[in-house]
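Residue strings, one per chain:
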Amino acid sequence: MTKIKTMLLAAALVAPAAIAAGSASAQVSGIAVANPEQAVANSRAWTTARGQIQTQYKTQIDQATARRTAIENELRPLVTAYQTAARAPGASEASLRPQAQAIQTKQQAAQQELGRLTQPAQRAEAYALEQISTKLNDAVQAAVRARNVTLLLRPEAALFAQPAADVTPAITAELDKLVPSVGITPPANWQPGQQGQQGQAAAAPAQQRQQPQGR
């Protein structure tokens, strides 16, 4: 879950401005709170995509889980031996270095191995999340307009907020309208962040046209 939360945070940063500024009468003075990552996580598109990914990449995910357990079992006696050696009289950094390096080398190799096993599923997750998060700004704007919100804060930025002030479910509902489903198979040349960059590039000429010409 930590990995998924991290990916959601990275994907949601495609539209950070919407959360920094700007629900119904339940909100006091037009102030509300929202958790954009949670809004994405609760969306129908992500729930469906996550299930599809877990099914399509089940073999790799199971292999990674089994290998992770095996690696932990392999590392445990090495760590125990290191800790025992560190408590021994006369232990020094120099004397402990070979054991520490052996553990570190094994950990790095394990991370690379697990990364190779989980990379296809992680890439599919990132692709699905990016498709949803590119519409996050639009979903936020629709939710705050419908509720006359003039200031939108993250929950951690508010000292106190009534449950009615949380418009996260409203943002999720808007996402469900804007992005009812997403694909989980990225194009061969796709890179994370590509869709957001393309959207910004497309928006730039329009913004330039709207700017008043200098005299």
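Bear in mind the structure is a predicted one, so any value in this text is a computation, not a measurement. (Residues numbered from 1 in each chain as written. Predicted model: local features only at pLDDT ≥ 70, side-chain atom pairs only at ≥ 80, totals over all residues. Heavy atoms only, no water.)

**Q** How do you make sense of the overall build of the chain when you look at a structure like this?
**A** The number of helices and strands found in the chain is nine helices and two strands. Counting from the amino terminus, helix and strand elements in the chain follow one another as α-α-β-α-α-α-α-α-β-α-α. Split into buried and exposed, the 215 residues of the chain put 32% on the buried side. (Helix = DSSP H or I, 4+ residues; strand = E, 2+ residues; numbered from the N terminus. Buried < 20%, exposed > 50% of the residue type's maximum accessible area, 1.4 Å probe, protein only.)

**Q** How do you make sense of the nonpolar core when you look at a structure like this?
**A** Taken as a class, soluble globular proteins show a tendency for nonpolar side chains to be buried jointly. The biggest cluster of nonpolar side chains holds 29 residues, and the ones touching the most others in it are Trp46, Ile132, Leu152, Val167, Ile171, Leu175 and Val182. Elements with a contribution of two residues or more to this core: α3 (36-41), α4 (44-56), α6 (93-133), α7 (136-146) and α8 (168-178). Not counting residues within four places of it along the chain, the set of residues in contact with Val182 comprises Ala45, Ala49, Gln52, Ala128, Gln131 and Ile132. Counting seven residues, the second largest nonpolar core, distinct from the first, contains Ala64, Ile71, Leu75 and Leu114. (Core = buried A, V, L, I, M, F, W, Y, C linked by side-chain atoms within 4.5 Å. Contact = heavy atoms within 4.5 Å.)

**Q** Help me understand unusual backbone geometry in this model?
**A** Generally, phi is negative for residues other than glycine and the peptide bonds are trans, each holding for most cases. The residue Asn148 is not glycine, and still its phi comes out positive at about 55°. Topologically, Asn148 is positioned in the loop between α7 and β2 (151-153). Looking at Asn148, the relative accessible area reads 61%, which means it is exposed.

**Q** Would you mind showing me how to read α8 here?
**A** Along an α-helix, residues three or four apart share an orientation, since each turn contains 3.6 residues. Within α8, the full set of buried residues consists of Thr168, Ala170, Ile171, Thr172, Glu174, Leu175 and Asp176. Turning to α8, the residues buried within the fold contact β1 (31-33), α3, α4, α6 and α7.

**Q** How should I be thinking about the side chain of Thr118 in this particular structure?
**A** With respect to the element layout, Thr118 can be found in helix α6. A polar contact of 2.9 Å, which involves the side chain of Thr118, links it to the backbone oxygen of Leu114. With near-sequence residues (within four places) excluded, Thr118 lies in contact with Ala64 and Arg68. (Polar contact = N/O pair within 3.5 Å; in protein donor to acceptor, adjacent residues only side chain to side chain.)

**Q** Is there a simple way to think about the pattern of salt bridges in this case?
**A** Any two side chains of opposite charge can pair, so long as their charged atoms come close to each other. Throughout the structure, instances matching the rule amount to eight salt bridges. Salt-bridge contacts for Glu37 lead to Arg154; the nearest nitrogen and oxygen are separated by 3.1 Å. Of the two residues, Glu37 is situated in helix α3 and Arg154 in the loop between β2 and α8; the sequence distance between them amounts to 117 residues. The class for Arg154 is partly exposed, based on a relative accessible area of 23%. (Salt bridge = Lys/Arg side-chain N within 4 Å of Asp/Glu carboxyl O.)

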